[in-house]
Amino acid sequence: MHLNQREEQINQYLQKNAQVLCLDLLPDGTVSAANAFAEQFVGRPLVGVHFREFVIDFKKIINPFELAKNPQGIHLVNVTTYTGLPQTLRCMFSPTKEGVLVLGGVDVAEQEALRKQIVGLNQQLGNLTRDLQKGNAELLRLNDLKNQFLGMATHDLRQPVGLIMTYSEFLNDEASNSLDEEQRGFLQQVFEASVFMRRLIDDFLDVAVIESGHFELRRTLHTLPALIERISALAQIQARKKKVELRIAQARDLPPLHIDEQKMGQVLANLLANAIEYSSEGGTVHVLTRDEGDRVEIVVRDAGVGMSEEELKRLFTPYLKARRKKTGGEKSTGLGLVIARKITEAHGGKILVESTPGKGSVFRVLLPKGNPEKTKK
């Protein structure tokens, strides 16, 4: 067999069958020829592609022309593959008349080491996943126990706290003339403390019911303007005491909504109380309603102390009280906004908040039109 025939056969084998990467590089580093294995390995045609587009330099820049100065040397080269992951090749770089010839085969030892690393990582991931599942199951169990305890404790506390609130209010109304100023002050403190305790108990009970999964809505058709007028009238008492003006502006012809009137009233009451408590004396709280196409929007805006970005991130986290101080020193359970958000989301809506320190806050409640229950079916 003539030498040129043998070289031709070897060349054809390299081009079509050998599991060896074979590239011809031009002086500018562009691939002028590539065998089938090289293009399959990288996952795309390589002719006209620069060498550096598919070679990854983890440690130092690979210059094929510098490496070709030692044609007998073996160099480890990381090449991107069709999987998108790098693969290590053992390559030889030989100078040619037109540029550089690159021959490379998969580094079996490196490939096996990588495979073992991947297997080890998968085992670690599996162990971590199992541990996480066990941890989640334990957290769910503890959360259920916590909700059971809250439900039992708050249920047992409501009656005695209610009695303290009722009797202290009765004594304040009926026997205040026979008490001196200091005694009336003590009695008022007892009443206010019992009112706060009743709010705290009710909020804990609401959170326990929501987190236990037994939270249900009793939807009926209600007109939103009437509900807002009723809740706003109750909030006026708190607003007058604080010397805060409450302004209501409602859109005309709002459609009736399928809502739980009592629970949405609770949402509005929480938002209004929050806006009034963080407003300064002489401030104004605005309540607006808007028709937004497939949704109805309720806006509660105040010009109070506002919130920072960090406080906004923590705003709806249960049991975390806000760092900002209420302008009148009012006490808070820290759960009102959490409950409001849960109720709104149960209605298929959402609450959005915008706030600037020193300039106030805007709470937007978005409620869907139509009957979400029918949509689910």
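For the structure itself, consult the block above.
Report follows, based on the coordinates. These figures come from a predicted structure and were not determined experimentally.

1. Focus: the sheet that holds strand β12 (residues 350-356)
Here we have five strands laid out as an open sheet, ordered β8-β10-β11-β13-β12, and mixed in their pairing. A strand with exactly one partner marks an edge of an open sheet, and here the two such strands are β8 (245-249) and β12. Across the sheet, the mean angle from the axis of one strand to that of its neighbour is 15°, orientation sign disregarded. When strand β10 (residues 284-292) meets strand β11 (residues 295-302), the two strands line up antiparallel, connected through eight bridges. Each bridged residue has a counterpart across the sheet, and for Glu292 the counterpart in β11 is Arg295. Packing of helix α6 (residues 224-242) onto the sheet brings it into contact with β8, β10 and β11, and relative to β8 it is tilted by some 175°.

2. Here's the deal with the packing of aromatic side chains
Per the stated rule, a full pass over the model turns up three aromatic pairs. Three or more aromatic residues link up through ring pairs in this structure, and these residues are Phe51, Phe54 and Phe93. Against the face of Phe316 rests Arg341, its NZ or CZ located 4.4 Å from the ring centre.

3. A word on the side chain of Ser168
Secondary-structure assignment places Ser168 in helix α4 (residues 108-174). According to the relative accessible area criterion, Ser168 is buried, its value standing at 3%. Side-chain polar atoms of Ser168 contact the backbone oxygen of Met165, separated by 3.0 Å. With residues near it in sequence (within four places) discarded, Ser168 still touches Leu187, Val190, Phe191 and Ser194.

4. Remarks on the nonpolar core
Met264, Leu272 and Val285 are the most contacted members of the largest nonpolar core, which has 37 residues in total. Only α5 (181-212), α6, β9 (257-259), α7 (261-277), β10, β11, α9 (336-346) and β13 (360-368) provide two or more residues apiece to this core. The leading source of residues in this core is α7, at seven residues. Other than its neighbours up to four places away in sequence, Leu272 contacts Ile231, Ser232, Ala235, Leu246, Val285, Val287 and Val300. Counting residues in each nonpolar core, the second largest holds 24 residues, with Leu21, Val42, Ile62 and Phe93 among its members.

5. Things to note about unusual backbone geometry
The backbone phi angle of Lys243 is positive, close to 60°, even though this residue is not glycine. Here Asp253, not a glycine, exhibits a phi torsion of approximately 55°, which is positive. As for its placement among the helices and strands, Asp253 is situated in the loop between β8 and β9.

6. Section: the pairing of β13
The element β13 is largely enclosed, with a buried count of seven among its nine residues. As judged from the seven bridges shared by β11 and β13, these two strands associate in the antiparallel manner. If you follow Glu297 over to β13, its bridge partner there is Leu366. In textbook terms, the turn of a hairpin is the stretch between consecutive antiparallel strands, and for β12 and β13 this stretch comprises three residues, one of which, Gly358, has a positive phi near 85°.

7. Some remarks on α7
For α7, with 17 residues, the first-to-last C-alpha span of 24 Å sits near the 24 Å given by 1.5 Å per residue. Counting buried positions over the 17 residues of α7 gives 13, a clear majority of the element. Where α7 starts, the residue carrying a side-chain oxygen 3.2 Å from the main-chain nitrogen of Gln262 turns out to be Asp260.

8. What to know about the sheet that holds strand β1 (residues 21-25)
Here six strands make up an open sheet; going across it, the order is β2-β1-β6-β5-β4-β3 and the pairing antiparallel. Unpaired on one side and paired on the other, β2 (31-34) and β3 (55-56) mark the two borders of the sheet. Pairing analysis gives five bridges linking β1 to strand β6 (residues 100-106), with the strands arranged antiparallel. Paired with Leu25 across the two strands is Val100, which belongs to β6.

9. Quick word on the pattern of salt bridges
Using the criterion set out here, one finds eleven salt bridges in the structure. We note a salt bridge from Asp57 to Arg52, for which the minimum N-O separation is 2.7 Å. Take Asp57: its relative accessible area is 22%, and that puts it in the partly exposed class. Take Arg52: its relative accessible area is 39%, and that puts it in the partly exposed class. A salt bridge links Arg341 to Glu345; the nearest nitrogen and oxygen atoms lie 3.4 Å apart. In this pair, Arg341 and Glu345 are both assigned in helix α9, four residues apart and thus about one turn of the helix distant.

Criteria and cut-off values
- Along each chain, residue indices are assigned from 1 in the same order as the chain's sequence is written.
- Whole-chain, interface and lining totals are the exception, using all residues; otherwise, since this is a predicted model, local features are given only for residues with pLDDT of at least 70 and side-chain atom pairs are given and counted only at 80 or more.
- With hydrogens and water set aside, each side-chain value is computed from the structure's full complement of heavy atoms.
- We treat two strands as partners when DSSP finds at least two bridges between them.
- Helix and strand assignments follow DSSP, with helices taken as H or I runs no shorter than four residues and strands as E runs no shorter than two, numbered in order from the N terminus.
- To obtain each axis, a line is fitted to C-alpha atoms, and for helices this fit is confined to the stretch in contact; angles are then taken between N-to-C directions over 0 to 180 degrees.
- Should any heavy atoms of two residues lie within 4.5 Å, those residues are considered in contact.
- Side-chain rings of Phe, Tyr and Trp (the six-membered ring for Trp) are treated as a pair once their centres are within 6.5 Å; stacked means planes under 30 degrees apart, edge-to-face means over 60, and tilted covers the remaining angles.
- As a reminder, the over-ring test applies to NZ of lysine and CZ of arginine, requiring each to be within 6 Å of the ring centre and within 35 degrees of the ring normal.
- We call a residue buried when its accessible area falls under 20% of the maximum for its residue type, exposed when it is over 50%, and partly exposed in between, using a 1.4 Å probe and counting protein chains only.
- Polar contacts here mean pairs of N or O atoms no more than 3.5 Å apart (in protein, one a potential hydrogen donor and the other a potential acceptor; neighbouring residues in sequence count only if both atoms are side-chain atoms).
- Residues belong to one nonpolar core when they are buried, are Ala, Val, Leu, Ile, Met, Phe, Trp, Tyr or Cys, and are joined through side-chain atoms within 4.5 Å.
- By this rule, a helix spans an expected 1.5 Å times one less than how many residues it contains.
- For salt bridges, the criterion is a side-chain nitrogen of Lys or Arg within 4 Å of an Asp or Glu carboxyl oxygen.

Keep in mind these values describe shape, not function.
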